[in-house]
Amino acid sequence: MFFNLPFIVAALLVILGITTMLIKRNLIKMIMGLALVEAGVNLLLVSIGYRAGGIAPIFTSAPDGVMVMPTVQAMTLTNIVIGIATTALLLSFVMVIYRMYGTANAEKVRKLRG
Amino acid sequence: MMQELLLQNLPALLLAVPMLGAFVTPLIGRASGGARNLWAVAVMLATLAVAVLLTAQVLSSGTVVYTFGAAAPDLTVPADSGGIPIRIIFAVDAMGAFMALAASLVGLGVMLYSLASATRSTGQNGYYALLLLLVVGILGMVCTGDMFNFFVFLEINSLAGAALVASRVDKGVAVEAGLKYAVLSTLGGLLVLFAIALLYGQYGALNIAVIASRMLFTPLDQIALVMLLVALAMKAGAVPMHFWTPDAYSMAPSSITALLVVASQASLYGVFRVVFTLYGLTLDYATIGWIIIILGVLSMFVGVTMAIPQKDVKRLMAYHAVSQTGYMLLGVGVGLAVLGNQQLLDTYGVIAMEGGIFHIINHAMYKGLLFLTAGAIFYRTGTRNLNQLGGLGHSMKWTMVFFIIGALAIAGIPPFNGFASKLMIYESVFLFNPLLAIIAMVVSILTLASFVKVFHSIFMGPRLPEYADVREVPAPMIIGMALLSLLVILFGVFPQEVVDLLITPAAGALIDQGGYIASVLGGA
């Protein structure tokens, strides 16, 4: 029954992240919600790649057994890197907004309308 | 020898040229601004040349497949892999080549225009580098044959786009628009990745052709389809996920807005690729087709009704962009709804799809042109408010001519290109469902009404004292706009030639799922 646990946690993390983005009013907390969604997707990716009893595909003095193709692990690493870039960009936007508006409250950062 | 090497590696060059160009741009910019501008234009010209060559290759010899890192570009399936293409593969069919051509044409116009329009702002090194990176993102999305690769280019597209939207800080308002765009794009990108993970978990592959050949349309696939459609339709700016478009389009520098339109269409291409190539006949095409049609009709109608009361000229044009996206969704959606029925497909389905696809390139041209004219007006007057503008017809004659061309094209008046594609959509959709065609025509009339109003308030009337010293914009901006106007007129005067040359193969490539799979997996 614990086999599905990582998938359930991944889905929970995504839902939690999206909820955070919707209900929090602080821009930095909204970005934290986005980071939660990203963590959930990463967890889903690595748990899909897990094979019980498989060994890492490193050929130097490898033990006997089935090697696991590391595609999803590579995807996860890529997504982590992309996530860092995105979060940095978003946080720098918030910095500029705070400097210009004097607030990071999403209710008050609303000069665009219509 | 050299030439052969070049022709063999066109799909890789299509990305390598602008990417290298983007990263070298700031280095050259440290030495001299003039050299950097020259370099950026040269890179864009080279990219366009590669895109033209690639399109010619695709049209003459069918889908071009390029395997990265393999001994030869067409060795898609390594001998010892058990029939699975492990490497990243680019599969450029007629549809992808068509999109790449459209993107690089608009890119060149934007680049020329930027030479003058960006001169007043700081941080130009970053501006040109990001502009080229945005082009890389768009070209990558339309060329790749790999789902994860698609996601990576989608993120490049979003990040470069968001940074450019925010680049003219404008007391923080532009940054607010950039933040909105970046947050939504990232969330959309993560949804796409989630869907890719679901597909990989079931089929053990990332290659679009492999997944398509194994597609079973299980409940998990349906969840993945919904996630992909929601995320990509949001990036394409379709109602009801359109709320970021007016903010991002109006606050970005005008040159960038013209390119953002193409970036949105790359996501639209993603929608079409997913439903036609990835899922194809396995999905309930009538239902999904109708969903796309309804999204299209809503986009058309909501977009144009929101556009009419706008006071900010770029915001108004942004809502029209939402509205025009609806035409493309409508045309291609009708094609999807009759996908399984060869007879209906022959009677009107294919023509509807051709109309929708033709509208993509036409929209990129005339909407790009309109945003550039709005930028020209802002460049000289410093305002985008329609109530403050007036009488500019006396001093900005070229801009006025370009604006008229763009406005008539978007309203679907002959002999401009908007008419050609809209006529194809009206005729075929009328056979499918007369009511939809009538809505499409009404929206066109409202569009015309809205642009007559804009034209009148910007250009007509007596010369206003506050704009007494307004002159025509510098030559590079005129050249950029002239390039796009020329294409608008050419495509409008010779629509049949364009359709035969580019559009029919593109629509055929979308429908022919088996051909796409065979070109990658080798007839298996």
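Above this text you will find the structure in question.
If you're wondering where the values come from, they're calculated on a predicted model, not measured in any experiment.

So, about the overall build of chain B. When you go through chain B residue by residue, the secondary structure sums to 20 helices and 2 strands. Dimensions of chain B along its principal axes, counting C-alpha atoms only, are 75 × 60 × 40 Å. Residue pairs at least 24 apart in sequence account for 81% of intrachain contacts in chain B once pairs closer than 6 positions are excluded.

Once that is clear, we can look at the interface of chain B and chain A. In this assembly, 30 residues from chain B lie in contact with 29 residues from chain A. Mapped by element, the contributors of at least two residues to the side of chain B that touches chain A are α6 (147–165) and α7 (173–203) of chain B. It is α7 of chain B that provides the largest number of residues to the side of chain B that touches chain A, a total of 16 residues. Classifying every residue of the side of chain B that touches chain A by side-chain character gives 20 nonpolar, 5 polar and 5 charged.

Attention now moves to the environment of L220 of chain B. All names here are of chain B. Considering the arrangement of structural elements, one finds L220 in helix α9 (residues 219–236). Looking at L220, the number of C-beta atoms within 10 Å reads 14, which means it is partly exposed. A sequence separation of 59 residues divides L220 from G161, and the C-alpha atoms of the two residues are 32 Å apart. With sequence-adjacent residues up to four places away left out, L220 is seen in contact with L198 and Q202.

Residue and element names in this part refer to chain B. Side-chain alternation along strand β1 (residues 64–67) places V64 and Y66 on one buried face and V65 and T67 on a second face that is also buried. Pairing of β1 with strand β2 (residues 89–92), which is carried by 4 bridges, proceeds in the antiparallel orientation. Bridge pairing links T67 to I89 in β2.

A separate point is helix α19 (residues 495–511) of chain B. In an α-helix, one turn spans 3.6 residues; hence positions three or four apart end up facing the same way. If you look at α19 of chain B, its biggest bend is around 40°, right at I503 of chain B, and the proline P505 of chain B turns up within four residues after that. Looking at the packing, one finds that the buried side of α19 of chain B touches α3 (33–61), α4 (94–117), α11 (254–279), α14 (342–381), α16 (417–432) and α18 (475–493) of chain B.

Let us look at the environment of M32 of chain A. Within the element layout of this structure, M32 of chain A appears in helix α2 (residues 27–49). As a C-alpha pair, M32 of chain A and A11 of chain A span 21 residues in sequence and 17 Å in three-dimensional space.

What follows concerns unusual backbone geometry. Residues and elements named next belong to chain B. Here the amide bond leading from V239 into P240 is cis, since omega sits at 5°, within 30 degrees of zero. A cis amide bond, omega 5°, links P414 with the succeeding residue P415. Note on placement: P415 falls in the loop between α15 (397–410) and α16. With phi around 60°, F217 is a residue other than glycine that occupies positive phi space. Here F217 shows up in the loop between α8 (208–214) and α9. A count of 14 C-beta atoms within 10 Å places F217 in the partly exposed class.

The rules behind each value
- Residues numbered from 1 in each chain as written.
- Chains lettered and ligands numbered in written order.
- Predicted model: local features only at pLDDT ≥ 70, side-chain atom pairs only at ≥ 80, totals over all residues.
- Helix = DSSP H or I, 4+ residues; strand = E, 2+ residues; numbered from the N terminus.
- Contact = placed C-beta atoms within 7 Å.
- Nonpolar A, V, L, I, M, F, W, Y, C, P; charged D, E, K, R; others polar.
- Buried ≥ 20, exposed ≤ 12 C-beta atoms within 10 Å, placed from the backbone.
- Pairing = 2+ DSSP bridges.
- Bend = angle between axes of the 7 residues up to and from the residue.

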